[in-house]
Amino acid sequence: MSLHTRLATSQDIDALLVITKACAKYMIEKRIFQWNENYPNREAFEHDVARNELYVLIEDTEIKGCVVISTLMDEEYKTVKWLTPDGTNIYIHRLAVHPKAQGKGYAQFLMQFAENYAIENNYRSIRLDTFSKNPRNQKFYELRGYKKLEDIYFPKQSVYPFHCYERIL
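Rules behind the numbers
- Residues numbered from 1 in each chain as written.
- Predicted model: local features only at pLDDT ≥ 70, side-chain atom pairs only at ≥ 80, totals over all residues.
- Heavy atoms only, no water.
- Helix = DSSP H or I, 4+ residues; strand = E, 2+ residues; numbered from the N terminus.
- Rg over C-alpha atoms; globule rule 2.2 N^0.38 Å.
- Buried < 20%, exposed > 50% of the residue type's maximum accessible area, 1.4 Å probe, protein only.
- Contact = heavy atoms within 4.5 Å.
- Areas by Shrake-Rupley, 256 points an atom, 1.4 Å probe, with all protein chains shown as cover.
- Lys, Arg positive; Asp, Glu negative; His and termini not counted.
- Charge placed at Lys NZ, Arg CZ, Asp CG, Glu CD.
- Salt bridge = Lys/Arg side-chain N within 4 Å of Asp/Glu carboxyl O.
- Pairing = 2+ DSSP bridges.
- Axes fitted to C-alpha atoms, helices over the stretch in contact; angles between N-to-C directions.
- 1 Å grid on protein atoms, 1.4 Å probe; cavity = no way out; pocket = protein on both sides within 12 Å on 5 of 7 lines; lining within 4 Å.
- Points joined across faces, edges and corners; volume = space filled by probe spheres on them.

**Quick word on the overall build of the chain**
Next up, step 1: A tally of regular secondary structure across the chain gives 4 helices and 7 strands.
Next up, step 2: Each helix (α) and strand (β) of the chain, taken in turn from the N terminus, gives the series β-α-α-β-β-β-α-β-α-β-β.
Next up, step 3: Radius of gyration (C-alpha) of the chain: 15 Å, near the 15 Å computed for a compact globule of 169 residues.
Next up, step 4: Judged by the C-alpha coordinates and their principal axes, the chain covers about 40 × 35 × 30 Å.
Next up, step 5: Of all 169 residues assigned to the chain, the portion counted as buried reaches 48%.
Next up, step 6: Put simply, of all contacts in the chain between residues at least 6 apart along the chain, 69% involve residues at least 24 apart.
Next up, step 7: Here the chain displays about 9000 Å² of accessible surface, and carbon together with sulfur accounts for 51% of that area.
Next up, step 8: Placing the 23 positive and 22 negative side-chain charges of the chain at their respective mean positions leaves the two points 6 Å apart.

This is the structure:
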């Protein structure tokens, strides 16, 4: 069994949409309205690929998940009182593992990859957000040492807030 990450290509987007749509359906079944028909979408993944920020997790030859590692701060993040100065951080987005593959350490592997990437490239911290109604994700990040900060809103996704997290490296 061979597990590794690589930069995604446009040829990976269809497989990633299958994964993220399965994740959205799975969360909705659990009454977690974090992702929907508007997000994640092809346009977001195409943008990630164009910026060389989208990574896929491969086991043998199959894509099991993905993560975006970005240096761009979303507009919604600009009012948050972060722990570290802006410009010394990376942002994690669209961490996804197909529901049938969850519970096998793939998300941990992707986050370890992102954290190593940040350290190797001299970033001071990692910032991200997760849905306020998704306690599993909150626990996942808190156990990895991420500190919960303020709430932000993504109106196209949910009326409920998203918690911002940061981990100083």
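**Section: the pattern of salt bridges**
Next up, step 1: As enumerated under the stated definition, the model contains 12 salt bridges in all.
Next up, step 2: Linking Asp12 and Arg6 is a salt bridge whose minimum nitrogen-to-oxygen distance equals 2.8 Å.
Next up, step 3: A relative accessible area of 7% means that Asp12 is categorised as buried.
Next up, step 4: A relative accessible area of 31% means that Arg6 is categorised as partly exposed.
Next up, step 5: The residue Arg144 makes a salt bridge to Glu115 at a minimum N-O spacing of 2.6 Å. Of the two residues, Arg144 sits in the loop between helix H4 (135-143) and strand E6 (147-152) while Glu115 sits in helix H3 (residues 106-120), which places them 29 residues apart along the sequence.
Next up, step 6: For Arg144, a relative accessible area of 14% gives the class buried.
Next up, step 7: One network of salt bridges, with partners in common, ties together Glu59, Glu62 and Lys64.

**As for the sheet that holds strand E7 (residues 162-168)**
Next up, step 1: Ordered in space as E1-E2-E3-E4-E5-E7-E6, the 7 strands form an open sheet in which the pairing is mixed. Two strands close off the open sheet at either side, each with one partner strand: strand E1 (3-7) and E6. Taking the axes of each pair of neighbouring strands and ignoring which way they run, one obtains an average angle of 30° across the sheet.
Next up, step 2: The sheet contact formed by E6 and E7 spans 4 bridges and is antiparallel. The partner of Asp151 across the bridge, within E7, is His163.
Next up, step 3: Against the sheet, H3 touches E1, strand E2 (54-59), strand E3 (62-70), strand E4 (89-97), strand E5 (125-131) and E7, its axis set at about 165° to E4.

**What about the layout of surface pockets?**
Next up, step 1: The calculated volume of the largest pocket comes to roughly 1300 Å³.
Next up, step 2: Lining the largest pocket are 49 residues; nearest its centre among them are Gln34, Trp35, Tyr39, Arg94 and Leu95.
Next up, step 3: Elements represented by at least two residues in the lining of the largest pocket include exactly helix H1 (13-29), helix H2 (42-50), E3, E4, H3, E5 and H4.
Next up, step 4: It is E4 that provides the largest number of residues to the lining of the largest pocket, a total of 6 residues.

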